[in-house]
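Descriptive structure summary
Each chain is listed here by its residues.
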Protein chains: 2
Amino acid sequence: MKQPELQHQVRQVFTDYLEKNQQRKTNERFIILEEIYSRSDHFDAESLFTELKKKKFQISRATVYNTLELLVACELVTKHQFGNNMARYEKSYGYRQHDHLICLDCNKVMEFCDPRIHQISTRMGDLLNFEIPHHSLILYGHCRGCEIKEQLAKKKSIA
Amino acid sequence: MKQPELQHQVRQVFTDYLEKNQQRKTNERFIILEEIYSRSDHFDAESLFTELKKKKFQISRATVYNTLELLVACELVTKHQFGNNMARYEKSYGYRQHDHLICLDCNKVMEFCDPRIHQISTRMGDLLNFEIPHHSLILYGHCRGCEIKEQLAKKKSIA
DNA sequence: GTGCATGCAAATCCTTTGCAGTGAT
DNA sequence: ATCACTGCAAAGGATTTGCATGCAC
């Protein structure tokens with residue numbers, strides 16, 4: 001899908017959500033949505049705030065947090081807790097459900113899919129009598145690049 | 001394994017670790033270890049601190065955090081990030097690796113095992129060229145008890 | 001015009017840090 | 001005796017909250 005089309009669609013989804021829940025369609029909210037859908041990383045609230053500031057939008061942190069919550073509620077954005085203490089977000093409209101693999105050294109985030117995770121989720125829900133709307137699977141590891149770097153560092157320290 | 005025996009074993013593991021890393025074997029550290037192994041829930045640092053205080057041990061928050069870090073390093077304790085912003089811990093000596101299922105309503109934590117998760121982890125590591133020492137799988141759901149409560153609440157609001 | 005959403009700053013929560021004093025080695 | 005570990009309180013970072021103002025309705 002092309003950017004303008006995607007932007008248009010998510011704006012529509014958000015508008016519908018806001019109307020249905022009798023929330024105001026403020027400029028700030030749409031600016032934040034647009035900014036999120038023009039990025040494609042796993043960002044945190046602060047970096048989103050800083051980016052908006054850099055682009056000369058005068059939107060407060062409070063509004064950023066408030067809007068993120070709304071976007072999570074209408075499933076346009078997904079919220080993650082990757083090890084560290086700050087939440088990370090990513091746009092999720094039209095994306096296939098996926099999980100994450102994080103490098104403990106350089107914090108690189110990769111994505112992957114495996115249908116077995118959904119199977120496990122369903123099975124455990126049945127078994128333990130839970131209704132399971134979502135899950136989070138994070139693999140923590142060391143990526144190739146960092147492994148190589150570490151080996152070099154070791155060699156140096158010996159030499 | 002009986003409690004005293006378990007306590008003895010984990011104390012030994014911790015002692016070995018401290019010696020190997022030339023860290024001091026302080027009373028505070030062993031008191032904390034013992035407290036953790038006399039509990040069996042998924043606790044946070046603050047509740048551990050409060051519990052120790054209630055038992056009249058004068059151990060500071062700083063020491064609690066410091067010791068938890070050591071215990072995680074020697075794998076006597078596992079650290080989790082369950083959705084909310086505070087870390088949760090659990091004893092892990094002699095326990096089979098397992099994953100978690102959390103009720104979004106009452107915060108109840110359940111545990112489960114599924115060998116497929118390990119398979120997925122290995123497969124993704126191979127595929128994406130990562131070495132993966134650990135992972136975190138959390139299923140977020142609504143438990144039966146809470147579902148029933150909610151249905152009752154709905155009925156009431158209609159009536 | 002009404003009152004929900006905003007901006008700002010202060011407050012809060014969890015965690016880490018600095019420093020002076022204590023105790024393990 | 002040394003200096004890593006402790007307790008305490010203050011600092012820190014992420015997020016939330018309170019309140020006066022502004023703007024969507």
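In what follows, the structure referred to is the one given above.
Residues numbered from 1 in each chain as written. Chains lettered and ligands numbered in written order. Predicted model: local features only at pLDDT ≥ 70, side-chain atom pairs only at ≥ 80, totals over all residues. Heavy atoms only, no water.

1. So, the protein's contact with DNA strand C
Test applied: Here a residue counts as near a molecule or strand whenever at least one of its heavy atoms sits within 4 Å of it. Within 3.5 Å is the distance limit for a polar contact, defined as a pair of N or O atoms, with the added protein rule that one can donate a hydrogen and the other accept it, and that residues adjacent in sequence qualify only through two side-chain atoms. The secondary structure listing takes helices from DSSP runs of H or I that are at least 4 residues long and strands from runs of E that are at least 2 residues long, numbered from the N terminus. Under the scheme applied, nonpolar residues are Ala, Val, Leu, Ile, Met, Phe, Trp, Tyr, Cys and Pro; charged residues are Asp, Glu, Lys and Arg; polar residues are all the others, including Gly.
Close to DNA strand C lie 18 residues; A:Arg24, A:Gln58, A:Thr63, A:Asn66 and B:Arg24 are nearest. The sugar-phosphate backbone supplies 70% of the atoms of DNA strand C found within 4 Å of the protein. The separation between a phosphate oxygen of DNA strand C and a polar side-chain atom of A:Thr63 is 2.5 Å. A distance of 2.6 Å separates a phosphate oxygen of DNA strand C from a polar side-chain atom of A:Asn66. Every element with two or more residues in the surface near DNA strand C is listed here: α2 (27-38) and α4 (61-73) of chain A together with α4 (61-73) of chain B. In the surface near DNA strand C, the residues fall into 6 nonpolar, 6 polar and 6 charged.

2. Side note on the protein's contact with DNA strand D
Around DNA strand D, the surrounding shell holds 19 residues, and the nearest of these are A:Tyr65, B:Arg24, B:Gln58, B:Thr63 and B:Asn66. Of everything in DNA strand D that lies within 4 Å of the protein, sugar and phosphate atoms constitute 73%. One of the backbone nitrogen or oxygen atoms of A:Ala87 is found 2.9 Å away from a phosphate oxygen of DNA strand D. Within the side chain of B:Thr63, one N or O atom sits 2.3 Å away from a phosphate oxygen of DNA strand D. Elements supplying a minimum of two residues to the surface near DNA strand D: α4 of chain A together with α2 (27-38) and α4 of chain B. A per-class count over the surface near DNA strand D returns 7 nonpolar, 6 polar and 6 charged.

3. Focus: the pairing of strand β3 (residues 87-91) of chain B
Residues and elements named next belong to chain B. Our working definition: Three exposure classes are used, based on accessible area relative to the maximum for each residue type with a 1.4 Å probe and protein chains only: buried under 20%, partly exposed in between, and exposed over 50%. Paired strands, in this sense, are two strands between which DSSP finds at least two bridges.
Within β3, 5 of the 5 residues are buried, which leaves it mostly tucked inside the rest of the structure. Residue alternation in β3 divides its side chains into two sets, Ala87, Tyr89 and Lys91 and Arg88 and Glu90, and both sets are buried. Pairing analysis gives 2 bridges linking strand β1 (residues 43-44) to β3, with the strands arranged antiparallel. Residue pairing for β3: Asp44 is matched across the bridge by Arg88. As paired strands, strand β2 (residues 77-81) and β3 are joined by 5 bridges and run antiparallel to one another.

4. Quick look at the side chain of A:Arg29
Residues and elements named next belong to chain A. Which entries qualify depends on this criterion: Only four residue types enter the charge count: Lys and Arg as positive, Asp and Glu as negative, with His and the chain ends excluded. Note on definitions: salt bridges are taken to be side-chain nitrogens of Lys or Arg within 4 Å of carboxyl oxygens of Asp or Glu. In what follows, a contact means two residues having at least one pair of non-hydrogen atoms within 4.5 Å.
With respect to the secondary-structure elements, Arg29 resides in helix α2. The side chain of Arg29 is buried and forms no salt bridge, while Glu28, the nearest opposite charge, is found at 7.2 Å. Non-local contacts of Arg29, meaning those with residues more than four positions away in its chain, are made with Phe14, Leu18, Gln23, Arg24, Asn66, Thr67 and Leu70.

5. Some details on the sheet that holds strand β5 (residues 109-112) of chain A
Consider a sheet: its strands pair through backbone hydrogen bonds, and that pairing is either parallel or antiparallel. Put simply, the test is: Between the N-to-C directions of two axes lies an angle of 0 to 180 degrees, each axis being a line fitted to C-alpha atoms and, for a helix, fitted only over the stretch in contact.
In spatial order, the strands read β5(A)-β4(A)-β6(A)-β6(B)-β4(B)-β5(B); together these 6 strands make up an open sheet with mixed pairing. Both outer strands of the open sheet, β5 of chain A together with β5 (109-112) of chain B, are each paired with one neighbouring strand and no more. The mean angle between the axes of side-by-side strands here comes to 25°, regardless of whether they run parallel or antiparallel. Taken together, the 4 bridges between strand β4 (residues 99-103) of chain A and β5(A) define a ladder with antiparallel strand orientation. Opposite A:Leu101, over in β5(A), you have A:Met110 as the bridge partner. Running at roughly 135° to strand β6 (residues 130-143) of chain A, helix α5 (residues 115-128) of chain A makes contact with β4, β5 and β6 of chain A together with β4 (99-103), β5 and β6 (130-143) of chain B of the sheet.

6. A short note on helix α1 (residues 3-20) of chain A
All names here are of chain A. For clarity, the threshold we go by: By this rule the span expected of a helix is its residue count minus one, scaled by 1.5 Å. Working definition: the arc comes from the directions between the helix axis and the C-beta atoms, pointing outward to the latter.
In this model α1 runs 26 Å from its N-terminal to its C-terminal C-alpha over 18 residues, within 8% of the 26 Å that 1.5 Å per residue would give. Those residues of α1 lying buried are Leu6, Gln7, Val10, Phe14, Thr15, Tyr17 and Leu18. Taken end-on, α1 shows its buried residues confined to a sector of 170°, consistent with a single buried face. In this structure, α1 carries Pro4, His8 and Lys20 as exposed residues pointing more than 90 degrees from its buried face. Elements that come into contact with the buried residues of α1 comprise α2 and α4. Note on α1: the residue one or two positions beyond its end, Gln22, has a positive phi of about 50°.

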